[in-house]
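# Structural characterization, general
Now for the letters of each chain:
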Amino acid sequence: MDFKEICRRLSQLPTEGLYQNDFFLTWDKSLEELEAIDQVADAMRALREANKSCRIFDSGLGISLFRDNSTRTRFSYASACNLLGLEVQDLDEKKSQLSHGETVRETANMISFMADVIGIRDDMYIGKGHTYQKNVAAYVQEGYEDGILEQRPTLVNLQCDIDHPTQIMADTLHVMHTFGGAEALKGKKIAMTWAYSPSYGKPLSVPQGAVGLLTRYGADVSLAYPEGYDIMEDVLELGKKQAKASGGSLTVTHSMEEAFADADVVYPKSWAPFAAMEERTELYAQGDQKGIDELEQRLLANNAKFKNWTCSEEMMKKTKDGKALYLHCLPADISGVSCAEGEVDASVFDRYRVPLYKQASFKPYIIAAMIFLQKVKDPAAKLEELWQRDLPRWSK
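From a predicted model like this one, the values you see are computed outputs, not experimental measurements.

About the criteria used
Residues numbered from 1 in each chain as written. Predicted model: local features only at pLDDT ≥ 70, side-chain atom pairs only at ≥ 80, totals over all residues. Heavy atoms only, no water. Pairing = 2+ DSSP bridges. Helix = DSSP H or I, 4+ residues; strand = E, 2+ residues; numbered from the N terminus. Buried < 20%, exposed > 50% of the residue type's maximum accessible area, 1.4 Å probe, protein only. Salt bridge = Lys/Arg side-chain N within 4 Å of Asp/Glu carboxyl O. Contact = heavy atoms within 4.5 Å. Right-handed = clockwise from strand over helix to strand, strands pointing away. Lys, Arg positive; Asp, Glu negative; His and termini not counted. Polar contact = N/O pair within 3.5 Å; in protein donor to acceptor, adjacent residues only side chain to side chain. Patch = residues over 30% accessible without salt bridge, like charges linked within 9 Å, V, L, I, M, F, W, Y side chains within 5 Å. Areas by Shrake-Rupley, 256 points an atom, 1.4 Å probe, with all protein chains shown as cover. Charge placed at Lys NZ, Arg CZ, Asp CG, Glu CD.

Spatial ordering of the open sheet is given by β7-β6-β5-β8-β9, a layout of five strands whose pairing is parallel. Of all strands in the sheet, those with a lone pairing partner are β7 (249-253) and β9 (325-326), marking the two edges.

The following block contains the structure:
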């Protein structure tokens with residue numbers, strides 16, 4: 001699809017609900033709003049590839065708050081803000097006044113005087129991350145209404161305990177580009193499966209994000225995990241409801257082989273059991289380090305029972321024509337490379353390395369598109385303006 005066609009399609013989509021609004025969960029948005037984000041992401045890439053500036057700001061801050069380690073999402077957010085003309089400022093809680101009793105309300109206002117967007121990753125504790133993001137958004141809204149803030153910074157969920165919207169939207173756009181658009185997902189079998197990892201405590205937000213988004217496109221989603229590695233029941237029920245409405249399906253199985261059988265797309269990824277994440281959240285709240293250490297050892301021992309849950313060459317042969325598209329949010333636990341035994345065989349990972357890196361490349365554009373649509377009232381007209389302005393991003 002060329003740039004003019006992207007703008008034409010975008011002009012037909014309802015984007016009013018995205019303007020001056022936050023982005024928390026994919027299922028909060030309509031499919032047409034999600035399509036608008038995809039269209040803007042593709043337009044942003046086209047502009048940059050044509051060496052045209054995408055800057056809509058000449059000043060302003062993108063506040064970055066990461067409560068968990070990150071490479072791809074951290075740099076994707078920084079790249080997105082920079083692409084649009086914002087400077088990123090990290091909020092390092094260890095260097096802030098939070099340890100001196102500064103409240104969330106106060107912090108939210110103090111960081112927002114010249115901020116246009118706040119990106120937050122808070123994914124480790126069940127019942128905490130999404131709630132914290134909602135509180136920050138409510139407090140900056142309050143500050144704006146009270147006349148403290150000249151503008152109301154919008155919030156982008158860079159991962160919480162429930163969903164990882166920028167990741168799963170980037171993944172889905174990669175799948176759409178691979179198979180030929182959103183309509184091509186109808187009837188495709190997508191296996192979102194647990195995989196063995198020699199570490200514990202990986203968030204549930206990636207598999208939950210997959211269930212929350214892919215079931216909306218008429219795909220046949222197979223969610224596979226060993227017994228006991230359940231995701232949030234609310235998200236599972238949502239996925240079933242959405243799959244029924246879209247004409248697809250959501251199947252839960254405790255067999256990786258069953259999930260991989262004739263799959264068009266596979267997404268083998270480790271995560272911690274929901275019940276264990278609830279327990280860990282409570283232990284951290286109590287400051288029980290001994291209990292946390294004991295839980296870790298218990299979970300590692302339980303993981304080790306399922307080392308056969310790995311994306312091996314034999315497992316890939318079970319997929320459709322043995323050539324399913326392999327997805328991973330990265331970094332993957334690669335057997336014989338990053339660990340002795342892990343989520344994926346080195347030979348499988350190496351074979352899909354280029355498409356995996358292309359998958360990751362969609363995330364900066366998805367984040368930039370979310371911010372763009374939060375700030376621009378007529379996105380199609382603004383994109384046309386950026387194209388016609390023809391301001392070189394850099395002089396060759």
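Moving on, we get to unusual backbone geometry. Pro 331 follows Leu 330 through a cis peptide bond whose omega is 0°. By secondary structure assignment, the location of Pro 331 is in the loop between β9 and β10 (334-335). Phi angles above zero are rare outside glycine, and Asp 321 is one such case at about 55°. With relative accessibility at 69%, the residue Asp 321 sits in the exposed group. The phi torsion at Leu 330 lies on the positive side, around 65°, for a residue other than glycine.

With that settled, consider the pattern of salt bridges. A complete count under the given rule lists 16 salt bridges for this structure. Among the salt bridges present, the one from Lys 240 reaches Glu 237, with a minimum N-O distance of 3.6 Å. In this pair, Lys 240 and Glu 237 both sit in helix α8 (residues 233-246), three residues apart, roughly one turn of the helix. What makes Lys 240 partly exposed here is its relative accessible area of 37%.

This paragraph deals with the environment of Ala 261. Secondary-structure assignment places Ala 261 in the loop between α9 (256-260) and β8 (265-268). Of the residues examined, Ala 261 reaches a relative accessible area of 30% and is grouped as partly exposed. Remark: the alpha-carbon pair of Ala 261 and Ala 272, spanning eleven residues in sequence, is separated by 24 Å. Those residues within four positions of Ala 261 in sequence are excluded, and the remaining contacts are Lys 189 and Lys 318.

Of all five residues making up strand β6 (residues 220-224), four are buried, and the element is well covered by its neighbours. Summarising the sheet, strand β5 (residues 189-193) and β6 pair through five bridges and their orientation is parallel. Looking at the pairing, Ala 191 lines up with Ser 222 of β6. In terms of strand pairing, β6 meets β7 through five bridges, oriented parallel. Following the sheet pairing, Val 221 is matched in β7 by Leu 250. Chirality of the crossover, the property in question, places the unit of β6, α8 and β7 among those that are right-handed.

Turning our attention to the side chain of Asp 161. Within the secondary structure, Asp 161 is located in the loop between β4 (154-160) and α6 (165-179). Buried and without a salt bridge, Asp 161 has Lys 128 as its closest oppositely charged side chain, separated by 9.3 Å. Looking at Asp 161, its side chain comes within polar contact range of the main-chain nitrogen of Gly 129, at 3.4 Å. Within the structure, Asp 161 has its side chain in polar contact with the backbone nitrogen of His 130 (distance 2.7 Å). Among residues more than four places away in sequence, those in contact with Asp 161 are Asp 122, Asp 123, Tyr 125, Ile 126, Gly 127, Lys 128, Gly 129, His 130, Ser 205, Gln 208 and Met 232.

On to a negative patch on the surface, then. On the surface, a cluster of negative charge is made up of Glu 227, Asp 230, Glu 233 and Asp 234. Here Glu 233 shows up in helix α8. In this structure Glu 233 comes out as partly exposed when scored by relative accessible area, which is 46%.

Coordinates in, geometry out; function isn't part of it.
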